[in-house]
Amino acid sequence: QVQLVESGGGLVQPGGSLGLSCVASVNISRLKVMGWYRQAPGTEERQAVAVLLGDGIIRYADSVKGRFTMSGDKAKNTIHLQMNNLKSEDTGVYYCYAVQTTASTNYDYWGQGTQVTVSS
């Protein structure tokens, strides 16, 4: 069982910056996948924003490339998402996501979500 707790959301003006953090209850080095998804207002689908796969490469959504940066702190079992030059379309609930493999079975875990609102 993996618990993920996000923090750092809030209200920011267009062009501003915000940083999100996600603390995992397990050693993040043991997780197969970690990343960030967001759910835009009025939608049900969560879309990948930044995801670190087992190959060590972070993949970013085209809409955030050059503006968002995902990083990790293994000592604190924490990942971060630094969001710069925010746009109104970045508004949504941001979820931390992880996959843990146990006995050859992949299990998905989600945080509770944190609201990011970009508005003037």
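Relevant structure appears above.
Residues numbered from 1 in each chain as written. Predicted model: local features only at pLDDT ≥ 70, side-chain atom pairs only at ≥ 80, totals over all residues. Heavy atoms only, no water.

Undergrad: For the overall build of the protein chain, give the residues involved together with the corresponding values.
TA: In terms of regular secondary structure, the protein chain is built from 0 helices and 11 strands. Secondary structure elements in the protein chain, listed N-terminal to C-terminal, are β-β-β-β-β-β-β-β-β-β-β. Its C-alpha atoms give the protein chain a radius of gyration of 14 Å, within 12% of the compact-globule value 14 Å for 120 residues. Within the protein chain, the proportion of its 120 residues that are buried is 41%. Residue pairs at least 24 apart in sequence account for 54% of intrachain contacts in the protein chain once pairs closer than 6 positions are excluded. Counting only carbon and sulfur atoms, one obtains 47% of the accessible surface of the protein chain, whose full area is about 6500 Å². Once the 10 positive and 9 negative side-chain charges of the protein chain are each reduced to a mean point, those two points are 7 Å apart. (Helix = DSSP H or I, 4+ residues; strand = E, 2+ residues; numbered from the N terminus. Rg over C-alpha atoms; globule rule 2.2 N^0.38 Å. Buried < 20%, exposed > 50% of the residue type's maximum accessible area, 1.4 Å probe, protein only. Contact = heavy atoms within 4.5 Å. Areas by Shrake-Rupley, 256 points an atom, 1.4 Å probe, with all protein chains shown as cover. Lys, Arg positive; Asp, Glu negative; His and termini not counted. Charge placed at Lys NZ, Arg CZ, Asp CG, Glu CD.)

Undergrad: Go over the nonpolar core, please, and point to the residues and values.
TA: Core analysis: the biggest nonpolar cluster contains 27 residues, and Leu4, Met34, Trp36, Leu81 and Met83 have the highest contact counts within it. Elements that contribute at least two residues to this core include exactly strand 3 (18-24), strand 4 (33-39), strand 5 (47-52), strand 7 (68-73), strand 8 (78-83), strand 9 (92-102) and strand 11 (114-118). Ranked by residues supplied to this core, first place goes to strand 3 with 4 residues. Within the second largest apolar cluster, 5 residues are counted, among which are Tyr37, Val51, Tyr97 and Val99. (Core = buried A, V, L, I, M, F, W, Y, C linked by side-chain atoms within 4.5 Å.)

Undergrad: Could you give an account of the state of the cysteines, naming the residues involved and the relevant values?
TA: Counted by the stated rule, this structure contains 1 disulfide. Note on cysteine connectivity: Cys22 is disulfide-linked to Cys96, with sulfurs 2.0 Å apart. In this structure, the disulfide formed by Cys22 and Cys96 twists by about -85° around the S-S bond and is classed as left-handed. Linking Cys22 in strand 3 with Cys96 in strand 9, this pair joins segments that are 74 residues apart in sequence. Of the two residues, Cys22 and Cys96, both sit in the buried class. (Disulfide = S-S within 2.5 Å.)

Undergrad: Explain the sheet that holds strand 7 residue by residue, including any values.
TA: Taken together, the 4 strands give an open sheet; going across it, the order is 1-3-8-7, and neighbouring strands pair in antiparallel fashion. In this open sheet, the two strands that pair with only one neighbour each are strand 1 (4-7) and strand 7. Averaged over all adjacent pairs, the angle separating strand axes in this sheet is 15°, with direction ignored. As defined by bridge partners, strand 1 adjoins strand 3 across 4 bridges and the pair is classed as antiparallel. Within the sheet, the bridge partner assigned to Val5 lies in strand 3 and is Val23. (Pairing = 2+ DSSP bridges. Axes fitted to C-alpha atoms, helices over the stretch in contact; angles between N-to-C directions.)

Undergrad: An account of the layout of surface pockets is needed here, citing residue identities and associated values.
TA: Within this model, the largest pocket holds a volume of roughly 240 Å³. What lines the largest pocket is a set of 16 residues, and nearest its centre among them are Ile28, Ser29, Met34, Leu52 and Lys74. For the lining of the largest pocket, the secondary-structure elements that each account for two or more residues are strand 4 and strand 7. At 4 residues, the largest contribution of residues to the lining of the largest pocket is made by strand 7. Of the residues assigned to the lining of the largest pocket, the class counts are 9 nonpolar, 4 polar and 3 charged. (1 Å grid on protein atoms, 1.4 Å probe; cavity = no way out; pocket = protein on both sides within 12 Å on 5 of 7 lines; lining within 4 Å. Points joined across faces, edges and corners; volume = space filled by probe spheres on them. Nonpolar A, V, L, I, M, F, W, Y, C, P; charged D, E, K, R; others polar.)

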